[in-house]
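Notes for the structure review
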Amino acid sequence: MLMISNVTKKYGKVTANDKISLFVDAGEISLLLGPNGAGKSTLIKCIAGLLKFTGTIEICGNNNKSLRAKRDMGYIPEVPALYDMLTVWEHMEFIARAYSLSDWKERAEYLLQRFEMDDKKKKLGSELSKGMQQKLSICLGFLPDPKVILFDEPLVGLDPHAIKELKNMIVEQRQEGKAILISTHILDSVDEFWNSVNIMMDGKIVASKKRKDMEEAGEDLEQLFFRITEGAKGEK
Amino acid sequence: MRALTYLLFTQAKNRILNLRKKPAMLVLYCFIFFVIIISVLYLLQASNDIKTGYADNRIIYLIIGGIGLMYLYLYVYTGLLTGSTFFNMADVNLLFVAPISPVKILIYGLFSTIGKTLLASVFIFYQIPNLKNAFGYGAKEILALFFAYSLLVFINHILSIGIYVFSNGNQNRKSMVWSILYVFIGGIFLAAFLIYKKEQAGILETLYSMVDNKWFGYLPVVGWTVMLFKGVVTASAVDVIISLGMFIAVSVLCILMLTGREADYYEDVLYSTEITFQNKLNAKEGRNTSSNIKRHKDIKNEEHGINKGKGASVFIYKHLLEIKRSSRILFIDGLSIFTAVGVGIAGYFLKDAMKAYIILAVLIYFQYFITIFGKLKYELTKPYIYMIPESSFKKLLAASVSSFLKPCADAVIFFGVLAIVKGAGILQCLFMALTYIASGAVFIGLTVVYQRLFGAQPNLFAKIFIGFLLTILVITPGIVASVLITIYLLPENLYFMATLPYTLICLIMAFIMFFLCRNLIDKTEYSGRLF
């Protein structure tokens, strides 16, 4: 579903992503973990087609810049980017029209209801609190029913109800066969539902593990993360 | 206090050192510094020629008065709306909660603002050669102009805070300030009218007489600034002392207002600091700087929804909806009305077909700075335009439509007004309107070219120094074609369509720029900000 091969992204002389390769299969939740500045958000943005890079990224077998790939991809950014002068409902309408969705209203209503936004439909983007903006941003990402979903620190700023709903939705999406990549540095927030993990440091993936393998080895996510990240620091 | 002086000097030092990481800015600052040095050397150069026939000093008094009145209105307006601030968000988060006396923090804010104001006023030194040649000014007068301008900005800043403290949350006081402001401005216009009636002179002569009048110098802020400069020019110590005394008195009064209430000004400046911070952020992201003033808007059912568009075309209808929400009349903002009034006045007094082209040229000049802030730029700060599954060219065109419509609406108003006041013939106005629209298309095309070439929009300095060269390069063929065709081919009775070649060439240029940059959205990187 999501295939990343040899992706390198440089900002001038700084290499933010260095020859990164990973694969997320259908019905899989893959984590992108790493300390601040590891290059997680950059990689997510490269996959979303927002940044230029060298290497290959394929969404359902299509180049990530192709229209087909864009149609199959959903992106929930770390910082919600909304339009000040559109209401909550108009944001949904905008995405529906831009993606040429049909029969979208029912799904839009459903998403807003799940995130307790259905009574805010006429609120302008500029009137929403940070948490509300994040919730709307999530609804917008889900609206086109994408096959590959990219989350960049999705739980930051959400209230407990929204966190619970989002976690439930992520699991539901997996059950529907979607490929999900979640970038985060808050381990506790994702501990319960991941299938594979990729740990990034200094722009590289320094470890990739399957949950099954780790459970068999009796290792948990936190142990692995600190062993790798702090071990790497120690080696330096 | 040691922490505050440390903060003040360390920030200044780091700002200078940081220029090493921004070579383009360093070059620009060096250039500005170089120009100022050359200007100062020119000023200091002793001249043996005794030149007579210098321009009337009252021109400068009038310019100071005009700028002063505009600033006063804007700052009072800001004071009533959000207040002004000496601080930034870091000051609020770190200094306001620190165990430092609020009075000391206020002094720090004052010094920091004075420093910034002085720096912002250096542009006056650019004018040294002009001021020396035209008015015969020396170092004394130019320094006086520099300090008068700095003082004008600084005092308006303090006044704005004072007005906010005085009127915040009290509608009666707000109404009172508005009334005073309108009586003040109305009084100036009334005085001008009375002088006009009495002296039976032209409008310009009337205005000169007014700003040169002794009573004008006693008008708050505007008059004091004129009086201060005039005092230096005419070597009147009394004028200088009175005006400086007035400035100091108002500053002290406002500062006492801030510190008098047990120095609890934090709340008063907090909102304006947040607004200023958000404004800077919006400006960086190419958004409307007034959009962050949170006003609740009741959306009526019939106004709710985009309702049209599919795929890329939804950008067109979304922009129309956004514009409808942010201005009372579609595409017509305060600037459009202000400019239309200016065009009307200029057209009424000039009433000359050839001089109407000067109005057109001035409008196009301003258009260059306005068009660049179109909706397309705003869209490039959001991820949606990159992610929507449509071709780059379609998205690019759709996101630019509203930017094309803005010059169309402006052209109808500007040249409609010009035709009404008989500043030019109807047909000439029509062709000039088309020219204005075509220039708008070129400027939008240039926005796209900037983004494609540099991956970002130019800031104001780059726009002035580099962007202008590029613009001249693009529009020169059109200008040359228009001039040559008018001189050699066009019969005199068809002179009204003299700008047609320019219009056509501009449209072709705009199309070429768009076509060459058609893959812009695929090639540009999203950064969430443009500068």
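Since the structure is predicted, the reported quantities are computational estimates derived from the model, not experimental observations.

1. Some words on the interface of chain B and chain A
Interface extent is often summarised as the accessible area lost during association of the parts. With 41 residues of chain B in contact, the opposing surface of chain A contributes 36 residues. Carbon and sulfur atoms make up 58% of the area that chain B and chain A hide from each other, which totals about 3,600 Å². Interface area lost by chain B to chain A is led by B:Tyr384, B:Met387 and B:Pro389, which between them contribute 21%. Here chain B and chain A share one salt bridge between them. One salt bridge in this structure joins B:Arg325 and A:Glu90, with 2.6 Å as the shortest N-O distance. The interface formed by chain B and chain A contains 17 residue pairs in polar contact (both at pLDDT 80 or more). If you list the elements that add at least two residues to the side of chain B that touches chain A, you get α14 (314–326), α17 (375–379), α18 (384–387) and α23 (520–523) of chain B. Class assignment of the residues belonging to the side of chain B that touches chain A gives a composition of 13 nonpolar, 11 polar and 17 charged.

2. Topic: the environment of A:Lys123
Residue and element names in this part refer to chain A. Considering the arrangement of structural elements, one finds Lys123 in the loop between α4 (105–114) and α5 (130–142). Distance in space between the C-alpha atoms of Lys123 and Met85 is 9.5 Å, their sequence separation being 38 residues. Setting aside anything within four residues of it in sequence, one finds Lys123 in contact with Leu86, Thr87, Val88 and Leu128.

3. Focus on the pairing of strand β2 (residues 14–24) of chain A
All names here are of chain A. Pairing of strand β1 (residues 2–11) with β2 involves seven bridges; the strand directions are antiparallel. In the sheet register, Lys9 faces β2, and the bridge partner there is Asn17. In this structure, the hairpin formed by β1 and β2 is closed by a connection of two residues, where Gly12 is found at a positive phi of approximately 60°.

4. Some remarks on the sheet that holds strand β8 (residues 179–184) of chain A
Residues and elements named next belong to chain A. Pairing within the open sheet is mixed, and its six strands lie in the order β6-β7-β8-β3-β9-β10. Looking at strand neighbours, the two that pair on one side only are β6 (73–76) and β10 (204–210), the edges of this open sheet. Across the sheet, the axes of successive neighbouring strands diverge by a mean angle of 15°, strand direction being ignored. Contacts from helix α1 (residues 40–47) reach β3 (28–33), β6, β7 (148–152), β8 and β9 (196–201), with the element oriented near 150° to β8. The strands touched by helix α6 (residues 160–175) are β3, β7 and β8; relative to β8, the strand with the most contacts, the crossing angle is about 145°.

5. So, the pattern of salt bridges
All names here are of chain A. Enumeration according to the criterion identifies 25 salt bridges over all chains in this entry. Here Arg68 and Asp72 are joined by a salt bridge, their closest N and O atoms 3.2 Å apart. Assessed through its relative accessible area of 42%, Arg68 is described here as partly exposed. One salt bridge in this structure joins Glu172 and Arg114, with 2.7 Å as the shortest N-O distance. Here Glu172, found in helix α6, pairs with Arg114, found in helix α4; they are 58 residues apart in sequence, far enough to count as distant. For Glu172, a relative accessible area of 27% corresponds to the partly exposed category.

6. What about the confidence of the model for chain B?
Model confidence for chain B is summarised by a mean pLDDT of 82, while 90% of its residues fall at 70 or above. Of the two predicted TM-score estimates for the complex, the pTM is 0.71 and the ipTM is 0.85.

7. What about the packing of aromatic side chains?
According to the stated counting rule, one finds 28 aromatic pairs over all chains in the structure shown. Seen from their ring centres, A:Phe94 and B:Tyr384 are 6.1 Å apart, and the 85° between their planes marks the pair as edge-to-face. Here B:Tyr384 lies in helix α18 and A:Phe94 lies in helix α3 (residues 88–98), a pairing that spans two chains. Exposure remark for A:Phe94: the relative accessible area of 1% places this residue in the buried category.

8. Concerning helix α5 (residues 102–120) of chain B
Residues that lie three or four places apart on an α-helix share one face, since the helix turns once every 3.6 residues. Given a rise of 1.5 Å per residue, 19 residues ought to cover 27 Å, and the 27 Å separating the end C-alpha atoms of α5(B) matches this to within 8%. Residues of α5(B) that are buried: B:Ile105, B:Leu106, B:Tyr108, B:Gly109, B:Leu110, B:Ser112, B:Thr113 and B:Thr117.

Definitions and limits used
Residues numbered from 1 in each chain as written. Chains lettered and ligands numbered in written order. Predicted model: local features only at pLDDT ≥ 70, side-chain atom pairs only at ≥ 80, totals over all residues. Heavy atoms only, no water. Contact = heavy atoms within 4.5 Å. Buried area = accessible area lost by both parts, 1.4 Å probe. Salt bridge = Lys/Arg side-chain N within 4 Å of Asp/Glu carboxyl O. Polar contact = N/O pair within 3.5 Å; in protein donor to acceptor, adjacent residues only side chain to side chain. Helix = DSSP H or I, 4+ residues; strand = E, 2+ residues; numbered from the N terminus. Nonpolar A, V, L, I, M, F, W, Y, C, P; charged D, E, K, R; others polar. Pairing = 2+ DSSP bridges. Axes fitted to C-alpha atoms, helices over the stretch in contact; angles between N-to-C directions. Buried < 20%, exposed > 50% of the residue type's maximum accessible area, 1.4 Å probe, protein only. pLDDT = per-residue confidence, 0-100. Phe/Tyr/Trp six-rings, centres within 6.5 Å; stacked < 30°, edge-to-face > 60°. Expected span 1.5 Å × (residues − 1).

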